[in-house]
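Listed below, chain by chain, are the residues.
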Amino acid sequence: MNLSRRHLLAAAAALPAAGWAQQPARLDKVTVAGWSKPIVEVTPLLVEEDKGFYKAQGIALAYVPGAGGGDAIRNILSGQADVAFTDPGSLFAALDKGEKLRAIYDIYPQNVFNVVSLKKSNITKPADLKGKKIGVYSLSSGTRQNLLVLLHQAGLKESDVTIVVTGLLNFAPLLQGQVDATAATDTGLLVGRRRGLGDVNVMEVGKSLNVSSDLFVVREEVFQQKKAVLKRFLHAYRDAAAWMIANPEEAAQLAAKRAIDGSDPAVNLEIIRARNASSVSELTRRQGLGAIDVASLQKAADAYRQLGLIRNPIKVADFVSQELLPGRAQS
């Protein structure tokens, strides 16, 4: 997705004047439960020591790593974190079990998931996955959730394939023949290609269900009790995301210091540009970064139920709040 000059200028204008803004006397701690370890993809959460976006809003930021969006949800339910960085499928699964949660910010409005196979395997459509071994990041990750979406659209069940947990670097098992295909994100595929993945077939889940890839989610109790703190946190994250959009080269250099997989700034830059593209949509151009497309999420929740991934109907509007979004304009 191309980012317009107007969008980049608006992003740059949103950056905090951290250098001269009066700092609050006391910082409120906000712990984010991630779906991953501190990797390049989550650079807006890693550069606080360098940029001070969160301190400028009176927030002391902490990060708890995870292995998938389900982990992020579990970490807020257990009280180990305040905010979950999680995928819609994991949110729907928790709501289906009766958990009281609230989505407050759309991190990536674009669906970035795909299923990748080597050309020689001749896997070109979801139906070809029957009987195959397929890698996922973890059983609680968006890669598994989105794989199931593809399978169900072909009339297949999870039991029709063998799911293999491969971790984030899941293209090595594909190249070594341990799996026939692997579910990944766009950035995972990007890194795989940089490392010699070669010719592959790519099935993009977004062509079947173009819904947000990740959201910030909180427990309803936390939402009601900490609105002011959460609003400042979202303001800081929006500023950090806008900075990354406006300054991808700087972000790539800082990621080399802060991300565990960030040793190559050139690779970092490609990942950051991909994440910048997935952070914007027509809706966010009108309403600002983080704006949630409730109608799109409702279609996704309905699809998950129709496909048998959740049992109960979910009225998404009851579990979404946009009141904490910073400077949100009305459409």
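Let me begin by describing the structure that accompanies this report.

Reading guide: rules and limits
- Residues numbered from 1 in each chain as written.
- Predicted model: local features only at pLDDT ≥ 70, side-chain atom pairs only at ≥ 80, totals over all residues.
- Heavy atoms only, no water.
- Helix = DSSP H or I, 4+ residues; strand = E, 2+ residues; numbered from the N terminus.
- Rg over C-alpha atoms; globule rule 2.2 N^0.38 Å.
- Buried < 20%, exposed > 50% of the residue type's maximum accessible area, 1.4 Å probe, protein only.
- Phe/Tyr/Trp six-rings, centres within 6.5 Å; stacked < 30°, edge-to-face > 60°.
- Pairing = 2+ DSSP bridges.
- Axes fitted to C-alpha atoms, helices over the stretch in contact; angles between N-to-C directions.
- Salt bridge = Lys/Arg side-chain N within 4 Å of Asp/Glu carboxyl O.
- Core = buried A, V, L, I, M, F, W, Y, C linked by side-chain atoms within 4.5 Å.
- Contact = heavy atoms within 4.5 Å.
- Expected span 1.5 Å × (residues − 1).

## Regarding the overall build of the protein chain
Then comes step 1: Within the protein chain one finds 13 helices and 10 strands.
Then comes step 2: For the protein chain, whose C-alpha radius of gyration is 19 Å, the value lies close to the compact-globule estimate of 20 Å for 331 residues.
Then comes step 3: Principal-axis analysis of the C-alpha atoms gives the protein chain an extent of 60 × 45 × 35 Å.
Then comes step 4: Looking at the protein chain as a whole, 55% of its 331 residues qualify as buried.

## Quick word on the packing of aromatic side chains
Then comes step 1: Enumeration according to the criterion identifies 10 aromatic pairs in this entry.
Then comes step 2: Here Tyr105 and Tyr237 contribute two aromatic rings whose centre-to-centre distance is 5.5 Å and whose plane-to-plane angle is 85°, an arrangement assigned as edge-to-face. Here the residue Tyr105 occupies a position in strand 4 (residues 101-108), and Tyr237 occupies one in helix 9 (residues 227-246), the gap between them amounting to 132 residues.
Then comes step 3: Overall, Tyr105 belongs to the buried group, its relative accessible area being 1%.

## Notes on the sheet that holds strand 4
Then comes step 1: Strand order in the open sheet formed by 5 strands is 2-1-3-10-4, with mixed pairing between adjacent strands. A strand with exactly one partner marks an edge of an open sheet, and here the two such strands are strand 2 (59-64) and strand 4. Recorded for the sheet is a direction-independent mean angle of 25° between the axes of neighbouring strands.
Then comes step 2: Two strands pair when backbone bridges link them, and strand 1 (residues 28-33) and strand 2 are joined in this way by 6 bridges, in the parallel orientation. Bridge pairing in strand 2 places Lys29 opposite Ala60.

## Topic: the pattern of salt bridges
Then comes step 1: A complete count under the given rule lists 21 salt bridges for this structure.
Then comes step 2: Residue Asp160 is joined to Lys157 by a salt bridge in which the shortest nitrogen-to-oxygen separation is 4.0 Å.
Then comes step 3: Owing to a relative accessible area of 46%, Lys157 belongs among the partly exposed residues under this scheme.
Then comes step 4: Across the pair Arg194 and Asp264 runs a salt bridge whose closest N-O atoms are separated by 3.9 Å. Placement of the pair is Arg194 in helix 7 (residues 186-194) and Asp264 in the loop between helix 10 (248-258) and helix 11 (265-278), with a sequence separation of 70 residues.
Then comes step 5: On the basis of relative accessibility, which here comes to 32%, the residue Asp264 falls in the partly exposed class.

## Digging into the nonpolar core
Then comes step 1: Core analysis: the biggest nonpolar cluster contains 61 residues, and Leu45, Tyr54, Phe85, Tyr105, Phe216, Phe233 and Tyr237 have the highest contact counts within it.
Then comes step 2: When sequence neighbours within four positions are dropped, the list of residues in contact with Leu45 reads Val32, Tyr54, Leu61, Tyr63, Phe85, Phe233 and Tyr237.
Then comes step 3: Core analysis: the next-biggest nonpolar cluster, separate from the first, contains 45 residues, Ile76, Leu91, Ala94 and Leu307 among them.

## Let's talk about helix 5 (residues 142-153)
Then comes step 1: Under the 1.5 Å per step criterion, the end-to-end length of helix 5 is 17 Å for 12 residues, consistent within 8% with the ideal 16 Å.
Then comes step 2: Helix 5 sits mainly inside the fold: 10 of its 12 residues count as buried.
Then comes step 3: Looking at helix 5, one finds that the buried residues are Gly142, Thr143, Arg144, Gln145, Asn146, Leu147, Leu148, Val149, Leu150 and Leu151.
Then comes step 4: Just past helix 5, the residue Gly155 takes up positive phi, approximately 80°.

## Here we look at the environment of Ala291
Then comes step 1: Checked against the element boundaries, Ala291 lands in the loop between helix 12 (282-287) and helix 13 (294-306).
Then comes step 2: Residue Ala291 is classed as buried on the basis of its relative accessible area, which comes to 2%.
Then comes step 3: Discounting chain neighbours no more than four positions away, the residues touching Ala291 are Asp106, Leu283, Thr284, Gln322 and Leu325.

## Some details on the sheet that holds strand 9 (residues 200-204)
Then comes step 1: The strand order across the open sheet formed by 5 strands is 7-6-8-5-9, and the pairing between neighbours is mixed. Unpaired on one side and paired on the other, strand 7 (162-165) and strand 9 mark the two borders of the sheet. Each strand of the sheet is rotated relative to its neighbour by a mean of 30°, with strand direction disregarded.
Then comes step 2: Bridging between strand 5 (residues 113-118) and strand 9 involves 5 bridges; their strand directions are antiparallel. Paired with Leu118 across the two strands is Val200, which belongs to strand 9.
Then comes step 3: Helix 5 rests against strand 5, strand 6 (133-136), strand 7, strand 8 (181-185) and strand 9 of the sheet, and its axis sits at about 80° to strand 5.
Then comes step 4: In the packing of helix 7 onto the sheet, the strands contacted are strand 5, strand 8 and strand 9, and the crossing angle to strand 8 comes to about 115°.

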